[in-house]
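Here's the letter readout for the chains.
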Amino acid sequence: MMENIEELSPLRITATVRALSSALRGKREHVHGTSRGKGDRMFPEPEKLWFKESSAKNLRNRDFLSPSTMLNTLYAGGKVPPAVMSRVLSLRGSGVLPVAGGEVMDEGLRLRVDRVASFRAVLAGGTTEYLKPSSQMEGCVVLNCPALHPKPNTPTPDTLSLGQLRTVLLANHIGTLFRRKGFEVYFCPTLPEDSDVATFLQALGIDWPTAPANGTNDEREEKIQKALENSPYREKGTERDRRTSGGGGRKAVEEENEGGLRINLKQVFQEEGLLGYDPTLGTCKVHRDSVSHLAQLDLSTADITGTMATVLHVTSCQDEFRQQQIAILWRASGATHSQVTTIIRSNTQQCNSLYSYYLPALLSVAAETSCVWTCEDPRFSPYCCTVPS
């Protein structure tokens, strides 16, 4: 009966790492936190003993690794005793991934998960337990997909590139995951009702929000424009003159004299302590499509009351720099919402890496392996990642 319960228990990374650490340390667990003599060996924290692999290249030969530096702190010369090795390889327990094999190499003790047995266990028990949130969270998430914003016209199925379509699919997928975690989810931008792109997305099973095609956002755009004009980060004419006086020739002066509203983006993220932005961001000229983009973001967050929203910009690497500009422009206009950027890398050689991100995340097995490119809200770090595609 106990074995059946263990087999049907949801497989978890955290439970596996905990069990592996206990097996590797053995009776040495009591050493942590106790006084040590001068010649006593220092033992690492249990959670630092094992590393969960996420690289597509390394996943070919290992799923977990206990680095040689860790082994050296536990055993003389890093030599794992046969009894300990046997205990690690025969590891079983509730929520623990089955181990297929392992060996000590130069890099450390590497283990391979029995993936066939893992998938059978998942399918036998059903996916219900994996789809249940480990804990309910409260908050609002706005998923912004720059590929769907007008530039200046609304995109069509013919103008959407494959990379841009990936960002839409990923935004929809992330929205589903957040809803299951208990968040309120909104999408940006709102598409014109009955537009070709809205119909196209519906055919793909994506229920993106729409509004009557005759609706306008002029009032919000005017509000955003005025906010930027009155922004403390607006670059004055004297500042431009000082910058161009340093050189650059006649062409640079002519470009600077073209006029228009300019915002010093570097000043924004430096003074507000925003991390992760490109240090080469400088002064940005505010164009109409940028104001339209910001107005759509403002519209998407207008109905959110009583809580702060976190906005996730889901974009491709080709549009990464431009989206950073938009994010900081929105901050300069007075927006206070936290912003996170998720980038899809277009590298066909890394296609296999999708399995180390998407499938494990869906099963709530490897959600801890994701990484944040730039995030102003620590609550969302387990869900936002730079995803190879």
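Along each chain, residues carry numbers from 1 onward, in the same order as the chain's sequence is written. Where totals are concerned, whole chains, interfaces and linings use all residues; where local detail is concerned, this predicted model gives features only for residues with pLDDT of at least 70, and gives and counts side-chain atom pairs only at 80 or more. Hydrogens and waters are ignored; side-chain quantities use all the structure's heavy atoms.

The name an unreviewed UniProt entry gives the chain is DALR anticodon binding domain-containing protein, with Ilyodon furcidens as the organism.

Okay, the sheet that holds strand 1 (residues 51–52) next. Strand pairing follows a simple DSSP-based rule, namely that at least 2 bridges must link the two strands. Starting at the N terminus, helices and strands are each numbered in turn, a helix being any DSSP run of H or I of at least four residues and a strand any DSSP run of E of at least two. Sheet architecture is open: four strands sit in the order 1-2-4-3, paired in antiparallel fashion. Looking along the sheet, the strands with just one partner apiece sit at the ends: strand 1 and strand 3 (99–105). Judged from the six bridges that link them, strand 3 and strand 4 (residues 108–113) form a sheet pairing that is antiparallel. Across the sheet, residue Gly-102 finds its bridge partner in strand 4, namely Leu-111. Only heavy atoms matter for contacts: two residues are in contact if any of them lie within 4.5 Å across the pair. A fitted line through C-alpha atoms represents every axis, and for helices the fit uses only the stretch in contact; the resulting angles, taken between N-to-C directions, go from 0 to 180 degrees. Across the sheet, helix 2 (residues 13–25) lies against strand 1, strand 2 (64–67) and strand 4, angled at about 40° from strand 2, the strand it touches most. Along the sheet face, helix 4 (residues 82–89) touches strand 3 and strand 4 and points at about 145° away from the line of strand 3.

Following the sequence through the fold, Gly-260 ends up in the loop between helix 11 (249–256) and strand 9 (262–264). Measuring from C-alpha to C-alpha, the distance between Gly-260 and Val-286 comes to 7.2 Å, with 26 residues separating the pair along the chain.

Let us now look at helix 2. With 13 residues, helix 2 extends 18 Å between its outermost C-alpha atoms, agreeing within 8% with the 18 Å of an ideal straight helix rising 1.5 Å per residue. When a residue's accessible area, from a 1.4 Å probe over protein chains only, is under 20% of the maximum for its type it is buried; when over 50% it is exposed; and in between it is partly exposed. Counting buried positions along helix 2 yields ten of 13 residues, so the element is predominantly enclosed. For helix 2, every residue scored as buried is listed here: Ile-13, Ala-15, Thr-16, Val-17, Ala-19, Leu-20, Ser-21, Ala-23, Leu-24 and Arg-25. Along its buried surface, helix 2 packs onto strand 1, strand 2, helix 3 (68–74), helix 4 and strand 4. Positive backbone phi, approximately 60°, marks Gly-26, located one or two places after helix 2. The span one expects for a helix is its residue count, reduced by one, times 1.5 Å.

It is worth spelling out the packing of aromatic side chains at this point. Stacked, edge-to-face and tilted labels apply to pairs of Phe, Tyr and Trp rings (six-membered ring for Trp) whose centres lie within 6.5 Å, assigned for plane angles under 30 degrees, over 60, and everything in between, in that order. As enumerated under the stated definition, the model contains three aromatic pairs in all. Taken together, a centroid distance of 4.8 Å and an interplanar angle of 55° make the contact between Phe-187 and Trp-208 tilted. Of this pair, Phe-187 sits in strand 6 (residues 184–188) while Trp-208 sits in the loop between helix 8 (196–203) and strand 8 (210–211), placing them 21 residues apart in sequence. Side by side, Phe-187 and Trp-208 carry an identical accessibility label, which is buried.

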